[in-house]
Amino acid sequence: MANAASIEINQVSKVFPGKGQSAGWRALDDATFRVDPGEFVCILGPSGCGKSTLLNILSGLDDQFEGTASIHGRPVGKRNYDAARIAYVFQEPRLMPWRTVRANIEFALSAANVSSSQWKERIDRVLALVELSDFGDFYPLQLSGGMQQRASIARAFAIEPEVLLMDEPFSALDELTARRLRQQLLTIWGTFRSTVLFVTHNAFEATFLSDRILMMTKGPGGKFCDEIDLRELARPRSYEDVRVFETSRTVVERLVSHIGSLDEH
Amino acid sequence: MSLQPLSVTRFVPSILSRKSAEDRARVSRWFEAHAADRVIKFASVLSLLGLWYFGAALLPASVMPAPHIVARVLLHEITLPRIWINVAITMTRIVFAFGLAMSVALVLGFAMGLSKTAARFFDVWVVCGLSLPSLVLILTIFMIVGLNDRAAIIAAAIPVVPILTINIWEGIKNVDQKLIDMAKAYHADRRRIIGSVIAPQIAPTMLASARFGLGLIWKMVLFVELLGRSDGIGYQIEYYYQMFNMSEVLAHALLFLLIMLFIEIILLGKLERRLFRWRPIQRRI
Ligand SMILES: Nc1ncnc2c1ncn2[C@@H]1O[C@H](COP(=O)(O)OP(=O)(O)O)[C@@H](O)[C@H]1O
Ligand SMILES: [Mg+2]
């Protein structure tokens, strides 16, 4: 199993059925890639190219697609539940507002069948990691947007996921908050070493975070068109690092050469 | 690097930063706002009473007795068992009619919320039910079932069902699909999704519908008693009306109004506030 991929998708296409006579919307076209265990991969592409569609397929939320997608060698979907522990961080925090932060994390733990004797220890640990130790008993609506998103990241790591899917988790936050959270995410990832598939339309974010960038073209029919290996870029990375900045500029150039211009987002 | 949020004081109630002057100012502002609220409510009740006195001054006492006369009649009535027996009879009918209306509305509302076919099918029924005058429905049911208690309960329940159904249907349609997806992505099973994600979202609508339904039902029960029963508060009101005794009419109505307001606002309102503490802005009655 040394060579087993953590995530592997093969010729995955997705068409959203159109209404009445219309032909339908091709959201993904013939996507193929693999992600190795412990790798941090960013999918970079313009809005509407099918990134969320892809994560929904991988998380098992959407099972209407062509091609094959597997995690830890098992096809995605319900039957994969016991094969791999998957966590999903959405663009919005998606916390249940009637539960405290702690109780929101408990929900994920109980869904993952983690024994309740471990809950307190795990929750305290992840809350400390996202620096929300004092806020466990707060309700989400009492917290700022950035704090809510940190709570949702804490929820994701609480189940100690082997695979973590992230869908533009920082795009709704102001840049300053987003920067802190990216750094924090890398620190936490360093301790857990989950496989991360992180979706973004922000070239700098992709450069700062990932081992590898997979680029997508515009929708409809978004395709994977390019791949950039960033393993050479030493970690830990910092925002002041000139090499990170220079690299992100070449990433932007490559992206522009594929999709024309960046005007639309 | 510390990530203490810059904006804690803006989002967090006073527990954390009790010391800060800004916080204390906010607390006093809160009291101020609520005190103002009380004053306005008090003034509102007073002016209602004022209007009543004004009407009583203009009209003959046999048509509109002044509040203190009605109060005196009421104080006398509540020392006698008869009014309490009638209250008990009416309350029993309310409980049954309410149970019946809620059960039917729950079944219809859930069916419509969960199935598009059911929604299309029952939509017509609901619209018809809404546009049909309650009086017609009630008389029809009395005709079909007979002038008995069963008919009274059904007749009080049916006119309320359509509007309750719409309320419950709306509540189910508004369940946040994103939270359900979150639960699915975390591999929550069906039971957990229904119990921990869906139920808490529809509970507020259910409770609001129950309060709203109760408010409609009790008026409907009084109406039905007036039309086709020979006991209960509704009948008493009708009886004293026939006798031209408006003080008794108003006294009975007032007592029942006070009882129902107590149940609706104090009991159910408290329950609602307790259940939905997590909501930062509480809807005030
Ligand atoms: N449920 C749906 N029905 C129809 N079209 C959809 C649906 N979800 C997404 N789409 C379309 O598919 C395309 C890709 O969507 P998405 O994966 O959300 O893009 P991204 O996340 O890259 O911004 C978009 O053009 C969107 O309009
Ligand atoms: Mg998206």
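Every value quoted in this text rests on a predicted model; they were computed, and no experiment measured them. (Residues numbered from 1 in each chain as written. Chains lettered and ligands numbered in written order. Predicted model: local features only at pLDDT ≥ 70, side-chain atom pairs only at ≥ 80, totals over all residues. Heavy atoms only, no water.)

Chemist: Teacher, can you tell me more about the overall build of chain A here?
Modeler: Across its full length, chain A carries seven helices and ten strands. Its C-alpha atoms give chain A a radius of gyration of 18 Å, within 12% of the compact-globule value 18 Å for 265 residues. Taking the principal axes of the C-alpha coordinates as reference, chain A spans close to 50 × 45 × 45 Å. Put simply, chain A has 265 residues, and 56% of those count as buried. At a minimum sequence separation of 6, the contacts of chain A that also span at least 24 residues come to 70%. If you sum the accessible surface of chain A, you get close to 11,500 Å²; carbon and sulfur atoms cover 49% of it. (Helix = DSSP H or I, 4+ residues; strand = E, 2+ residues; numbered from the N terminus. Rg over C-alpha atoms; globule rule 2.2 N^0.38 Å. Buried < 20%, exposed > 50% of the residue type's maximum accessible area, 1.4 Å probe, protein only. Contact = heavy atoms within 4.5 Å. Areas by Shrake-Rupley, 256 points an atom, 1.4 Å probe, with all protein chains shown as cover.)

Chemist: Quick question: what am I supposed to make of the domain arrangement of chain B here?
Modeler: For interface size, the figure often reported is the accessible area lost on association. Each assigned domain of chain B is listed here: domain 1 (13-58) and domain 2 (67-283). Here domain 1 of chain B and domain 2 of chain B have C-alpha centroids that lie 30 Å from each other. (Domains from an automatic or database assignment.)

Chemist: Looking at this structure, I do not really get unusual backbone geometry. What am I missing?
Modeler: Generally, phi is negative for residues other than glycine and the peptide bonds are trans, each holding for most cases. Residues and elements named next belong to chain A. The step from R235 to P236 runs through a cis peptide bond, and the omega angle for that step is -5 degrees. Position of P236 relative to the elements: it lies in the loop between β10 (224-229) and α7 (242-259). With a phi angle near 60 degrees, N113 is a residue other than glycine that sits in the positive phi range. Secondary-structure assignment places N113 in the loop between α2 (101-111) and α3 (119-129). Given a relative accessible area of 62%, N113 falls into the exposed group. Positive phi is not limited to glycine here, since E168 has a value of about 40 degrees.

Chemist: Help me understand the interface of chain B and chain A in this model?
Modeler: At the interface, 28 residues of chain B touch 37 residues of chain A. At the boundary of chain B with chain A, total buried surface from both sides reaches about 3,200 Å², with 67% on carbon and sulfur atoms. The interface formed by chain B and chain A holds one salt bridge in total. Among the salt bridges present, the one from B:K178 reaches A:E92, with a minimum N-O distance of 3.5 Å. On the surface where chain B and chain A come into contact, there are four residue pairs in polar contact (both at pLDDT 80 or more). For the side of chain B that touches chain A, the elements supplying multiple residues, two or more each, are α1 (8-11), α9 (177-185) and α10 (190-228) of chain B. (Buried area = accessible area lost by both parts, 1.4 Å probe. Salt bridge = Lys/Arg side-chain N within 4 Å of Asp/Glu carboxyl O. Polar contact = N/O pair within 3.5 Å; in protein donor to acceptor, adjacent residues only side chain to side chain.)

Chemist: Explanation requested: the packing of aromatic side chains in the structure shown.
Modeler: Two descriptors summarise a pair of aromatic rings, namely the distance from one centre to the other and the angle between the planes of the rings. All names here are of chain B. This structure, assessed with the given rule, holds 16 aromatic pairs over all chains. Both rings, one in F121 and one in W125, keep their centres 5.6 Å apart while their planes meet at 50 degrees; by these two values the pair is tilted. With a gap of four residues between them, F121 and W125 both fall in helix α5 (residues 116-131), about one helical turn apart. Judged by relative accessible area, W125 falls into the exposed class, the value being 52%. (Phe/Tyr/Trp six-rings, centres within 6.5 Å; stacked < 30°, edge-to-face > 60°.)

Chemist: Quick question: what am I supposed to make of the sheet that holds strand β3 (residues 40-44) of chain A here?
Modeler: Residue and element names in this part refer to chain A. Pairing is mixed across the open sheet formed by six strands, whose spatial order is β6-β7-β8-β3-β9-β10. Each end of this open sheet is capped by a strand with a single partner; those strands are β6 (86-89) and β10. Sheet twist, expressed as the mean angle between neighbouring strand axes with direction ignored, is 15 degrees. Across the face of the sheet, helix α4 (residues 145-158) comes into contact with β6 and β7 (163-167) while running at roughly 175 degrees to β6. (Pairing = 2+ DSSP bridges. Axes fitted to C-alpha atoms, helices over the stretch in contact; angles between N-to-C directions.)

Chemist: Explain the side chain of A:T247 to me, please; I cannot follow it from the model alone.
Modeler: Inspection of the secondary structure assignment puts A:T247 in helix α7. By relative accessible area, A:T247 is classed as buried at 19%.

Chemist: Got a minute to help me understand the nonpolar core in this structure?
Modeler: What tends to happen in soluble globular proteins is that the nonpolar side chains get buried as a cluster. A:L58 and A:L197 are the most contacted members of the largest nonpolar core, which totals 152 residues. In terms of residues, this core owes the most to one element, α10(B), which gives 13 residues. With sequence-adjacent residues up to four places away left out, A:L58 is seen in contact with A:I7, A:I9, A:A69, A:I71, A:V76, A:I86, A:L165 and A:L197. (Core = buried A, V, L, I, M, F, W, Y, C linked by side-chain atoms within 4.5 Å.)

Chemist: Would you explain the pattern of salt bridges in this entry?
Modeler: Should the charged atoms of two oppositely charged side chains come close, the side chains can pair. Overall, the coordinates contain 28 salt bridges over all chains when judged by the stated rule. Its salt-bridge partner being A:E205, residue A:R182 comes within 2.9 Å of it at the nearest N-O pair. Placement of the pair is A:R182 in helix α5 (residues 175-192) and A:E205 in helix α6 (residues 203-209), with a sequence separation of 23 residues. Each member of the pair A:R182 and A:E205 is classed as buried. Its salt-bridge partner being B:D149, residue B:R93 comes within 2.7 Å of it at the nearest N-O pair. With a gap of 56 residues between them, B:R93 in helix α4 (residues 81-114) and B:D149 in helix α7 (residues 149-157) connect regions that are remote in the sequence. Shared partners join several salt bridges into a network, and the residues in it are B:R93, B:D149, B:E225, B:R229 and B:D231.

Chemist: Quick question: what am I supposed to make of the site of ligand 1 here?
Modeler: All names here are of chain A. The full set of residues close to ligand 1 is F16, W25, A27, S47, G48, C49, G50, K51, S52 and T53. G48 places a main-chain nitrogen or oxygen 2.7 Å from an oxygen atom of ligand 1. Between an oxygen atom of ligand 1 and a main-chain N or O atom of G50, the distance comes to 3.1 Å. Breaking the shell around ligand 1 down by element, the ones donating at least two residues are β2 (25-35) and α1 (51-58). Broken down by element, the residue count for the shell around ligand 1 peaks at three residues, all from α1. Here the shell around ligand 1 is composed, by residue class, of four nonpolar, five polar and one charged. (Near = heavy atom within 4 Å. Nonpolar A, V, L, I, M, F, W, Y, C, P; charged D, E, K, R; others polar.)

Chemist: What should I look at first to understand helix α11 (residues 233-242) of chain B in this one?
Modeler: Since one α-helical turn is 3.6 residues long, residues separated by three or four positions face the same way. Residue and element names in this part refer to chain B. Along α11, the positions that sit buried rather than exposed are I233, G234, Q236, I237 and Y240. Projection of α11 onto a plane perpendicular to its axis shows the buried side chains occupying an angular sector of 160 degrees, all on one side. On the buried face of α11, the contacting elements are α3 (67-77), α4, α10 and α12 (246-275). Just downstream of α11, F244 is the residue with a positive phi angle, here 60 degrees. (Arc of directions from axis to C-beta.)

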